[in-house]
Amino acid sequence: YTPKEVMGMQFWELTEDAEFIGEDYHANYVDNRLYVRRLKCKNGQFKYIQWKDKKFSDDLIIGIGQDVTEQVHIQNQHRNLIENATDIIYETDAKGNYVFINKYAEKIMGYTLNEMYQKHFTDFIRKDYREKVVEFYTKSITEISDFPTLVFPVTNKSGETIWLSQNVSVKRSENGQKIIGFTSIARDITLIKNMEIDASRRERKIRKYSEISKQLTIKS
């Protein structure tokens, strides 16, 4: 649009700004306000503009807008990849409380996201493994940025055991001195793990059978 086309209230009307709330927009003004809005261009395309408003007097507010469309699209693509992933992806704060969980976790665990956000990450670990997992993730935590892969069982809402293969990265503050959270990617390997367990059981049975047969042969 030309400057003449957007004078007065035309800017708000032409760009289809659904967030514009008339005079209250200015009445509730906060100095150095920073926000992003989706605006419709004259060619029908939409762009995301990041605005910063500065109040110079009671009658003058200057807004500077920066086109952040590409960054927003990249963020949306990243979000879609996470939400459509076939792994559990989650983040916790430094104490292990969830701050983000992707939708796929609902399918594996049987809990809703709201239910999981109310729990600590250790609440899902099977009780006989809980102490082992906690020790693994607290040992030498100040010296590493990525933990080795860990396989452990969790319990879903139905009480079934789910085996996860998990990789965890440590999130630190800008100076690297303080741990601010953790990013985790966990893959459901229950089928593979159950096959390993069954194979191990068969091996133990065969070994036991061989020992018994050997003993009976010796006694004979």
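These lines cover the structure that appears in this document, whether it is placed above or below. (Residues numbered from 1 in each chain as written. Predicted model: local features only at pLDDT ≥ 70, side-chain atom pairs only at ≥ 80, totals over all residues. Heavy atoms only, no water.)

Side note on the sheet that holds strand 6 (residues 150-155)
Here is the rule: A pair of strands is treated as paired once DSSP finds two or more bridges between them. Numbering of helices and strands runs from the N terminus, with a helix taken as a DSSP run of H or I at least four residues long and a strand as a DSSP run of E at least two residues long. Here the axes come from fitting lines to C-alpha atoms, over the contacting stretch only for helices, and the angles between their N-to-C directions go from 0 to 180 degrees.
Read from one edge to the other, the open sheet built from five strands follows the order 5-4-8-7-6, with strand pairing classed as antiparallel. Looking at which strands have only one partner, the edges of the open sheet turn out to be strand 5 (98-101) and strand 6. Between one strand axis and the next, the sheet turns through 30° on average, direction left out of account. Examined bridge by bridge, strand 4 (residues 88-93) and strand 8 (residues 179-188) share six bridges and lie antiparallel to one another.

Some points on the environment of S57
Going by this rule: Two N or O atoms form a polar contact when they lie within 3.5 Å of each other; inside protein one atom must be a possible hydrogen donor and the other a possible acceptor, and for residues adjacent in sequence the pair counts only when both atoms belong to side chains.
With respect to the helices and strands, the residue S57 is situated in strand 2 (residues 46-57). Within the structure, S57 has its side chain in polar contact with the backbone nitrogen of L60 (distance 3.2 Å).

Regarding the pattern of salt bridges
Our working definition: Put simply, a salt bridge is a Lys or Arg side-chain nitrogen that is within 4 Å of an Asp or Glu carboxyl oxygen. Exposure is judged per residue with a 1.4 Å probe applied to protein chains only, and the accessible area is read against the type maximum: over 50% gives exposed, under 20% gives buried, and values in between give partly exposed.
Scanning the model with the defined rule gives 10 salt bridges in all. The salt bridge involving D53 is made with R33; its shortest N-O contact spans 3.2 Å. In this pair, D53 sits in strand 2 while R33 sits in strand 1 (residues 33-40), placing the two residues 20 residues apart along the sequence. R33 shares its class with D53; the two are buried.

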